[in-house]
Structures are given as C-alpha cells and as structure tokens.
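Each chain is listed here by its residues.
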Amino acid sequence: MAYLAKFAPAIFVLLWSTGFIGSKLGAPYIDPMVFLTVRFAAVLPVLLLLGFFLVKAWPDTGRAIGHCIVTGALVHGIYLGGVFWAIKQGMPAGASAIIVGLQPVLTAIFAVGMLGEVITRKHWISMAIGLAGLGLVLGPKFDLDGSGITLVTVTVLFCAVIAISLGTVYQKRFVQDTDLMAATLWQYVGALLITLPLSFFESWTIIWSGELIFALAWLVLVLSIGAILLLMLLIRQGAVSQVASLFYLVPVATAIESYFLFGETLSLVQVAGMALVVGAVLMIRNAPKKT
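In this text, all values refer to a predicted model and were calculated from it rather than measured experimentally.

Cut-offs used in this document
Residues numbered from 1 in each chain as written. Predicted model: local features only at pLDDT ≥ 70, side-chain atom pairs only at ≥ 80, totals over all residues. Heavy atoms only, no water. Helix = DSSP H or I, 4+ residues; strand = E, 2+ residues; numbered from the N terminus. Buried < 20%, exposed > 50% of the residue type's maximum accessible area, 1.4 Å probe, protein only. Contact = heavy atoms within 4.5 Å. Areas by Shrake-Rupley, 256 points an atom, 1.4 Å probe, with all protein chains shown as cover. Core = buried A, V, L, I, M, F, W, Y, C linked by side-chain atoms within 4.5 Å. Axes fitted to C-alpha atoms, helices over the stretch in contact; angles between N-to-C directions. Parallel < 35°, antiparallel > 145°, perpendicular 65-115°, else oblique. Left-handed = near helix turned anticlockwise from the far one by under 90°. Nonpolar A, V, L, I, M, F, W, Y, C, P; charged D, E, K, R; others polar. pLDDT = per-residue confidence, 0-100. Phe/Tyr/Trp six-rings, centres within 6.5 Å; stacked < 30°, edge-to-face > 60°. Polar contact = N/O pair within 3.5 Å; in protein donor to acceptor, adjacent residues only side chain to side chain. Patch = residues over 30% accessible without salt bridge, like charges linked within 9 Å, V, L, I, M, F, W, Y side chains within 5 Å. Salt bridge = Lys/Arg side-chain N within 4 Å of Asp/Glu carboxyl O.

A. Highlighting the overall build of the protein chain. The helix and strand inventory of the protein chain stands at 12 helices and 0 strands. In the protein chain, the succession of α and β elements from N to C terminus is α-α-α-α-α-α-α-α-α-α-α-α. Per-residue burial for the protein chain yields a buried fraction of 52% across its 291 residues. Look at the contacts in the protein chain between residues 6 or more apart in sequence, and 90% of them connect residues 24 or more apart. Surface accessibility of the protein chain: about 13300 Å² in total, with carbon and sulfur atoms responsible for 72%.

See below:
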C-alpha cells in the first residue's frame, strides 16, 4: 500500500490521459451519450463482482448512498457528458482542453469554501504558472475558426468543469468514510441517472467494430475502474487542491502519447510549456497542507 500511495499520482495521470485515446477510437462508431451510458452500465457488474470479494462494509443508509450518487452525477455524468456533447457539437478538442484546464483553480476555490483548506500564496502562484504552461502546450491545438466554439458549447463545457471541481470537493467532504469500491459503484449509478435519459435523444445505432470494443474495454477497466479508484484514493489521502493540480499534467501526458501513437508534432514552445506545468505541479505537491 505504501508503494501504491507513492506512485499513485503518476499512475493516475498516465491512466487518465489515455481517456482521450479511448474516446477518439470509439467516437466514430457510437453517439457520445450512448457511449457513456454503455460504458457506465458495463462498469457496474464488474465493480459488483469485485465488491463481493473486496468490500468490507457497504453503505447502509440512504444518506451515505445519496452522497455517493451525487458525487458520481457531478464527476462522471455531468462532467463527461458535457465534454463529450460539446466536442460532438464541433468544439475543437484543443479549445475544450483549455477550458477544462481551469479545473485545478476552481477546485481550489471550492476547497477553501467547503473544506476550509488554506491556499497559500505560493500555491496560487504555482497554479498560475501551471495554467500558463498549459496554454503553451495546448496553444498550437487551439482553433479559432472552429465552428463549434459558440456561447452554448462554451457554457456547457464550463458547467462541466464546475461539476467535476465541485464533485471532487463533495467527495472529500461527504464520502470520506465510505468504502472506496462501494462508493465508486454507487457513483456510477449517479452517472447513469444523468447520461441514460440524455441518450434517448440520440440514435442507439452502434457499430460494433474492433476499435469500439477495444476502446470500451479500455475505458471500462482502465479508466472507469483503475483511474477512478486511484483518484478517490488520492482525494481521501491528500488536500483536494493538491490532488486537482495533477489534472494540469493530463494534457501534457496526452500530447506525449499522441506524439508516439499518432505522429503529432511537439514544438519547442510546447516542450517549454510542459516543463512549466511539471514544475508548477511539483511546487504544489510539495507545498504544506493547511486546513
């Protein structure tokens, strides 16, 4: 467990960053809300099976279950649903990633108000440096001519970022004492309550290609179970504002993966931005935790 706690941040960033790859592989064969609904529904029996052997105590009150469901609706349902919908409407992925990059800042603000975390001046400066570095990494991917950059798509995406930021803090405050795997299972019930109704506005025509099956398996087992359990573990063990800073590293890892997998280029400006992001996250992670 000690080794897991030590390497959990790096493993989480690596796993979470592959979500873009999996979504890109599966997107041509299935509509976004249907994709998420199938993904979340497939997670439940796997978690139930694992929980049968690993869960020590299931939440036994309506309030505890309700907190888990609210967390899942925010972190998975509204956040992923909003991002997938905005991109489906034509919002460029680079522009989306820049808006999503606001998450660590918003999470820190919510953590101050809801958890009483004290964010030091060094922490705020580090987040500003990280945001600047993120801009350098994603700048070449930004497309001002993209027809999908509208008031509606930007608003939906911003609401999605607010949802995951609020959900992260909500998890820390209200789901802290619930068994990790049991809480995660109920969170996906909450996610389905968001995406399932919305999926009926889309076509349920699914092309079961090899790429879609691989993408779905990867997103279910690696992202929805592996990465999410790590995220919940990190939130439980550390200050929420410090955990949120890890999300600055996700676009960096994705850019590197895209370089090797899809042949996308990396400019010197992007490499400099990556260095800024890594430095900023290290500063935040090493900052003293105050509450």
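B. Representation of the nonpolar core. Phe-12, Trp-16, Tyr-79 and Tyr-188 are the most contacted members of the largest nonpolar core, which totals 72 residues. Among the elements that make up this core, the one with the highest residue count is helix H9 (residues 210-237) (15 residues). Residues within four places of Trp-16 in sequence aside, it is in contact with Tyr-79, Leu-223, Ala-227, Ile-228, Phe-247 and Val-250.

C. Structural view of the packing of helix H5 (residues 103-115) against helix H7 (residues 151-174). At a minimum axis distance of 9 Å, the contact between H5 and H7 shows a crossing angle of 40°. Between H5 and H7, the angle is such that the two are oblique. The hand of the H5/H7 crossing is right-handed. Residues Gln-103, Leu-106, Thr-107, Phe-110, Ala-111, Met-114 and Leu-115 of H5 form the contact with H7, whose own contacting residues are Phe-158, Val-161, Ile-162, Ile-164, Ser-165, Leu-166, Thr-168, Val-169, Tyr-170, Lys-172 and Arg-173. Classifying every residue of the contact of H5 with H7 by side-chain character gives 12 nonpolar, 4 polar and 2 charged.

D. Geometry of the packing of helix H2 (residues 32-54) against helix H3 (residues 62-88). Axis separation between H2 and H3 bottoms out at 9 Å; the angle between their running directions is 150°. Between H2 and H3, the angle falls in the class roughly antiparallel. Where H2 crosses over H3, the two elements pack in a sense that is right-handed. Side by side, H2 and H3 meet where Pro-32, Met-33, Phe-35, Leu-36, Arg-39 and Phe-40 of the first sit next to His-76, Leu-80, Gly-81, Phe-84, Trp-85 and Lys-88 of the second.

E. Examining the confidence of the model for the protein chain more closely. In this model, the protein chain carries a mean pLDDT of 82, and residues with pLDDT of at least 70 account for 87%. Looking over the protein chain, one finds the lowest element-wise mean pLDDT in helix H4 (residues 93-100), namely 68, and the highest in helix H8 (residues 180-199), namely 94.

F. Quick look at the packing of aromatic side chains. If you walk through the whole model with that rule in mind, you get 7 aromatic pairs. Consider the rings of Phe-40 and Tyr-188, whose centres lie 5.6 Å apart with planes at 40°: the pair is tilted. Of this pair, Phe-40 sits in helix H2 while Tyr-188 sits in helix H8; the two residues are 148 residues apart in sequence, bridging distant segments of the chain. Here Phe-40 and Tyr-188 have matching classes, each one buried.

G. Here's a closer look at the environment of Tyr-29. Here Tyr-29 lies in the loop between helix H1 (2-26) and H2. Sequence spacing of Tyr-29 and Leu-212 is 183 residues, and the spatial spacing of their C-alpha atoms is 6.7 Å. Each residue touching Tyr-29, except ones within four places of it in the same chain, is listed here: Thr-205, Ile-206, Ile-207, Ser-209, Glu-211 and Leu-212. One polar contact links Tyr-29 to Glu-211, side chain to side chain, over a distance of 2.7 Å.

H. View of a nonpolar patch on the surface. Side chains of Leu-49, Leu-50, Phe-52, Phe-53 and Leu-54 sit close together on the surface and give an oily, nonpolar patch of about 590 Å² of accessible area. Its place among the elements puts Phe-53 in helix H2.

I. Structural detail: the side chain of Gln-187. Here Gln-187 is to be found in helix H8. Excluding residues that lie within four positions of it along the chain, Gln-187 makes contacts with Cys-68, Thr-71, Gly-72, Ala-73, His-76, Gln-171 and Met-232.

J. Local environment of the environment of Ile-206. Mapped onto the fold, Ile-206 is located in the loop between H8 and H9. For Ile-206 and Phe-35, which are 171 residues apart along the polypeptide, the C-alpha to C-alpha distance reads 8.9 Å. Setting aside residues no more than four positions away along its own chain, Ile-206 makes contact with Tyr-29, Ile-30, Val-34, Val-38 and Leu-212.

K. Examining the environment of Gly-139 more closely. Relative to the helices and strands, Gly-139 resides in the loop between helix H6 (121-138) and H7. Residue class for Gly-139 comes out partly exposed when judged on its relative accessible area of 34%. Considered as a pair, Gly-139 and Gln-270 are 131 residues apart in the sequence and their alpha carbons are 8.1 Å apart.

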